[in-house]
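# Summary of structural features
Residues per chain are reported as follows:
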Amino acid sequence: MNSTVLFNPRGSEWHRWDPHIHAPGTLLVDAFHEDWEKYLGEIETSVPTVRALGVTDYFCINAYHEVRKRKAQGRLANVELLFPNVEMRLDIKTEKKHPINLHLLFSPDDPDHESEIQRILGQLQFHFEPEDRTYHCTLDDFERLGRAIDATQTDRQGAIKTGANQFKATFDQLRELFRREGWLRKNCLVAVAGGSNDGTAGLQSDDSYKASRWNLESFAHIIFAGTPAQRDFWLGKTPQCPPGVIEKHYRSLKPCLHGSDAHRHEKVLTPDLKRYCWLKGDLTFETLRQAVIEPEERAWIGEAPPPETSPAFRIDRVTVSDATWFTNGTVEMNGGLVAIIGERGSGKTALADIVAQGTRSLGGALAESSFLRRATHPENLVGSARVELRWGDGAKHSAELQPQSNGGVDDEAADARYLSQQFVEQLCSSAGLATQLRDEIERVIFEATDDADRLGAASFDELKDARLEAIRRRRDELRELILSASDTIAREDILRDGLDAKRKTRKGIAEAIEKAKKELLTLIPKGKEERARQLAAIDKACSEAEGELQRLQLQRQRRGELQQEREHILNQIEPRRFAEMQRTFAAAALSEEEWKAFRMQFAGDADGVIRNAIKDTDGATKTLLDGDPSVLVDEVTTPLLKWPLALLRRRRDETRKDVGVDVTKQRKFDEVKRTIAQQEARLGSIDREIKHAEGAEGRRRECLAQRRDSYLAVFGGLLEEQEVLEELYGPLRKKLARAEGALAKLDFFVHRLVDMGSWVEAGERLLDLRTAGRFRGRGNLREIAERELLAAWRDGSAETVATAMDVFRKTYHSDLLEGRPSTVKAEDRHAWVQSLGAWLYSTDHVTLEYGIRYDGVPIERLSPGTRGIVLLLLYLAIDDQDRRPLIIDQPEENLDPKSVFDELVFYFRAARKRRQVIVVTHNANLVVNTDADQVIVAESIRGPSGGLPSITYRSGSLENREIRKAVCELLEGGERAFLERERRYRLRWDELIGTDDPESGQAMGGAGGAAAPDAHRI
């Protein structure tokens, strides 16, 4: 009998196995010299400690029987499992002329397994033609065959070895044996050597053995090979042979196991290159079967088992004290994927809550359905109970079970991530997706962002604001420039359009002046005509000088105002601007001396320029009034225009008296003179207006170009912001770019969102849709805008957008102007045109939308079930920077079983390699098809009225028969999940061996099928 199996309550853990080791007395190539003490001592002192042995012998189980007997006597205490490995040589030879080795690995669970194995082996036959005699696979027949081959044999053991060396099994016999024998199918796994010496790789170069090789490899459950190349091939990890190809041609992916194949003491448990064999599971034969089902997850070859979660981030043990209702006292935990199952009210969530409380990840806002909420409100039923967690590195942390705070979880202080039912439901709600789920995604992205790229920010929002602040500020400034340009363009339009009217007005004023001058002549006494002409000339010179004086006075005022503006900028505006700049860019960490370079200064000596200009104006004014003291004015020879104004005024007054207009006409004369002066002043003013208006078209073109440049820059800023967002989401995009399965359905998007409705509505409010040309009638503006502008706004480059607006404005300019409402008065036309331009070039309706889509649908619009998938993908696959335990309470509440299997199983399996995952579930797929490392079964018994129920937890691995039974009984679809899990390797067993035995489903074999890939695997 094999020693009693002790299932590990911690579930599946890595142990070192040697599935292929010979022992003293092995039938062939025995170099142990019967030294059992040395052999056993080498196993007992092995480093790393070996825990399971496949004791090997040729065509028999003699070696296994002997080792088993010594273990029963107290040896090999470190070895929990012994199982027989029957090595057979087939009648197929490699290119090195060695027969192919095939191994039958038998379960020791049946108390009569030794007799059953001998019975089955005895059915194999070898025909020796010279004697026309058939020999069976028994020690007695080996002796007879040995003597028939070598008549000189006198020693029974020698004859047995000779006969065994000659005995060759055929593949057809073995396949027929499996077809007939139900016990064999239930209790045996087939392994074939994969190497080139005595394995199937030795047949690769001989095409005549191609079918034989494929048949053997399909039939086998296990490949005995230790090279990484072989392991990658049989796990479907080579480009030319992905999993689908392996499964099609060889029935299933296959584990590669490696033993020391020791025939002498020096090789005992010392395979070449320290390629030790590691299996994850209990120390039972069932673990071998699980390795066939989960070859990548359960089998490993290397000096050490594959790396697991860091001990410092792995909960090793949960202890609850001062709580009679927690009957276990202590619950051991696996460091991988832990599934907690049980009936409703059995205590599943209780254990999750307790662990969460111990890891400071529970928070105070507990859902009504949570265990600790019900156990502490309104009455505290947990009393002074405490939870203590022991971590894998030996560290301990304890806490009261009574929650102390009603606040949220401090994520920085929490030692685990707890996804309670309340949390999942909240994030799966529509409101949660708009805020919290997005926040969670961005938190994960931020944590995946390199510290050097965080710009000192403490969160994604801070980093985003830091990266986008300058861009958005410039865009706001550009929008202000567009408004200002539109205002200027409207003014220039009015000036340009009013030029003809101003010219007509000027003509009228000039004619009125001429008429007044003629009238003035009629008031001059006869004989005084010459003096009147002199007076007119002096009047004209005086008017021009007074006009120049007004110009100088205005110039003096403006230069004084410019001086005040300079002082205002220096003393008020620039200090505020500089201080704001220093605050905005404080993170630039410039010194006070370096900041001085950023002060805005006038390019030259502005103060001196203004002082000199004012001095010049004052001098010119004095000279205009009083003349240049250094220049003598000869009133006879000096032209009137060179006279100072004071002299002109004095001579004008003298000449007026000399003309001698009588008192009656004097009043009229003075009135006409005033009219002429006023009209000439108006003429000068309108001349200046006409000159300014004549430049309106040029200035208008400049403003149009400036507005276009600002408009283009706004969209350039949007593209720049889009690039920044894509960079910020870079860590997520990199993960998604190489993702497969459900994760590949996730993608980050950022695009422009055009609110055409608001833009059109604003435009239609400005227009009279009864008169607006091609925009006449509601809806036409939208139709035209969607045709002419929408594509550019939504997807075009900045230049494309600006060009599209240029074309739109030029094409529909007259239509827009025709749409001026009759309620807009002439004096309000400028404001209306300005509003029209501001609307036309507005950009508020074009914004950036960004986020995450799943299967093309933004997460905000997903169904609750699909939201649940996204949430779990976030923590299982995307949040790979967080190594803390992940505790999930019934994540499948919003998911159908098919979604769990199709979308999430792979990610649960992958996540447990980097972090401990503890999941409360009633979904069989999350237990069975994830290949959970540990299953904890919760059971409760109702306690006294008003008290807590008595809760018990029992745990183990999926190899544990009791655990498997509990999974099938407690979880809907549990048995089906096991069948689905095993489907991959047992699908075509019946086809291969041709049996109708309903028990064949318990066995594991393979099928040949179509042409298999001929890949080099050594």
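Shown above is the structure to which this text applies.
What you see as residue numbers is a count from 1 along each chain, following the sequence as written. Two thresholds apply to this predicted model, a pLDDT of at least 70 for residue-level local features and 80 or more for giving and counting side-chain atom pairs, whereas whole-chain, interface and lining totals are computed over all residues. Remark: hydrogens and water are excluded; side-chain values derive from all non-hydrogen atoms of the structure.

### Notes on the sheet that holds strand E18 (residues 746–754)
Our working rule: Pairing between two strands requires that DSSP report at least two bridges joining them. Under the DSSP-based scheme used, a helix requires at least four consecutive residues in state H or I and a strand at least two consecutive residues in state E, with every element numbered from the N terminus.
With antiparallel pairing, three strands are arranged side by side in an open sheet as E18-E19-E20. Every other strand in the sheet has two partners, leaving E18 and strand E20 (857–858) as the edge strands with one partner each. Here two bridges tie strand E19 (residues 846–854) to E20, and the two strands are oriented antiparallel to one another. Counterpart to Tyr854 in the pairing with E20 is Val857.

### Re the pairing of E19
Alignment of E18 against E19, held across nine bridges, turns out to be antiparallel. When the sheet's bridge partners are listed, Leu746 is paired in E19 with Tyr854.

### So, the pairing of strand E21 (residues 886–889)
Let me state the cut-off plainly: Throughout, exposure labels follow a simple rule: accessible area from a 1.4 Å probe, protein chains only, divided by the maximum for the residue type, with under 20% read as buried, over 50% as exposed, and the rest as partly exposed.
Burial of the side chains of E21 extends over both faces: Leu886 and Ile888 are buried on one face and Ile887 and Asp889 on the other. By the bridge criterion, three bridges tie strand E17 (residues 417–419) to E21 in an arrangement that is parallel. Considered in E21, the bridge of Tyr418 is made with Ile887. Where E21 and strand E22 (residues 917–920) come together, four bridges link them in parallel fashion. Each residue of the ladder has a partner; that of Leu886, found in E22, is Val917.

### Concerning helix H29 (residues 798–811)
Formally: In this scheme, a helix's expected span is set at 1.5 Å multiplied by one less than its residue total.
The end-to-end C-alpha distance of H29, which contains 14 residues, comes to 20 Å, matching closely the 20 Å that a straight helix rising 1.5 Å per residue would cover. Taken together, the buried positions of H29 are occupied by Ala798, Val801, Ala802, Ala804, Met805, Asp806, Phe808 and Arg809.

### Observations concerning empty space enclosed by the protein
In plain terms, the rule: A 1.4 Å probe that fits but cannot get out identifies a cavity on a 1 Å grid over protein atoms alone, an open set with protein on both sides within 12 Å along at least five of seven lines counts as a pocket, and a residue lines either if it has an atom within 4 Å of a point. Grid points are joined across faces, edges and corners, and a volume is the space filled by probe spheres set on the points. All amino acids are sorted into three groups, where Ala, Val, Leu, Ile, Met, Phe, Trp, Tyr, Cys and Pro are nonpolar, Asp, Glu, Lys and Arg are charged, and the leftover types, Gly among them, are polar.
Following the criterion strictly, the structure yields three cavities of 30 Å³ or more and no others. Size it by volume and the largest cavity reaches roughly 190 Å³. Taken together, 15 residues line the largest cavity, and the ones lying closest to its centre are Asp493, Arg707, His813, Val833 and Gly837. At the level of elements, helix H18 (460–497), helix H25 (696–728), helix H30 (813–818) and helix H31 (829–840) are the ones that each hand at least two residues to the lining of the largest cavity. In the lining of the largest cavity, the residues fall into eight nonpolar, three polar and four charged.

### A word on unusual backbone geometry
Cis geometry is adopted by the peptide bond preceding Pro48, which originates at Val47 and carries an omega value of -5°. The topology assignment puts Pro48 in the loop between helix H1 (36–44) and strand E2 (50–58). Even without a glycine there, the phi angle at His33 is positive, about 55°. Locating His33 in the fold gives a position in the loop between strand E1 (14–21) and H1. Of the residues examined, His33 reaches a relative accessible area of 68% and is grouped as exposed. At Leu76, a position not held by glycine, the phi torsion is positive, near 55°. Inspection of the secondary structure assignment puts Leu76 in the loop between helix H2 (62–72) and strand E3 (81–93). Of the residues examined, Leu76 reaches a relative accessible area of 0% and is grouped as buried.

### Section: the packing of aromatic side chains
The way to describe two aromatic rings as a pair is by their centre distance and the angle between their planes. Which entries qualify depends on this criterion: Any pair of Phe, Tyr and Trp rings, taking the six-membered ring for Trp, is counted once the centres come within 6.5 Å. Such a pair is stacked with planes under 30 degrees apart, edge-to-face with planes over 60 apart, and tilted for the rest. Think of it as a cone above the ring: NZ of Lys or CZ of Arg counts as a charge over the ring if it is within 6 Å of the ring centre and within 35 degrees of the ring normal.
In this structure the tally under the stated criterion is 32 aromatic pairs. Residues Phe178 and Phe219 carry aromatic rings whose centres are separated by 5.3 Å and whose planes lie at 80° to one another, so their mutual orientation is edge-to-face. Placement of the pair is Phe178 in helix H6 (residues 171–180) and Phe219 in helix H8 (residues 210–219), with a sequence separation of 41 residues. Taken as a pair, Phe178 and Phe219 share a single burial class, namely buried. An aromatic cluster is defined as three or more aromatic residues linked by ring pairs; in this entry it consists of Trp759, Phe775, Trp793, Phe808, Tyr812 and Trp839. Directly above the aromatic system of Trp36 lies the positively charged group of Arg70, at a separation of 3.9 Å from the ring centroid. Over the face of the ring belonging to Phe978 we find Arg964, whose NZ or CZ atom lies 4.5 Å from the ring centre.

### Thoughts on the packing of helix H28 (residues 780–795) against H29
Stated precisely, the cut-off is as follows: Convention adopted: a line fitted to C-alpha atoms gives each axis, helices being fitted over their contacting stretch, and angles between N-to-C directions are expressed from 0 to 180 degrees. Oblique is the label for any angle not under 35 degrees, not over 145, and not in the 65 to 115 range, which are roughly parallel, roughly antiparallel and roughly perpendicular in turn. Whether two residues are in contact is decided by their heavy atoms: any pair within 4.5 Å suffices.
At a closest axis distance of 8 Å, the pairing of H28 and H29 adopts a crossing angle of 155°. One finds that H28 runs roughly antiparallel with respect to H29. Between H28, through Leu781, Ile784, Glu788, Leu789, Ala792 and Trp793, and H29, the contact on the second element is made entirely by Thr800, Val801, Ala804, Met805 and Phe808. For the contact of H28 with H29, the residue count by class is nine nonpolar, one polar and one charged.

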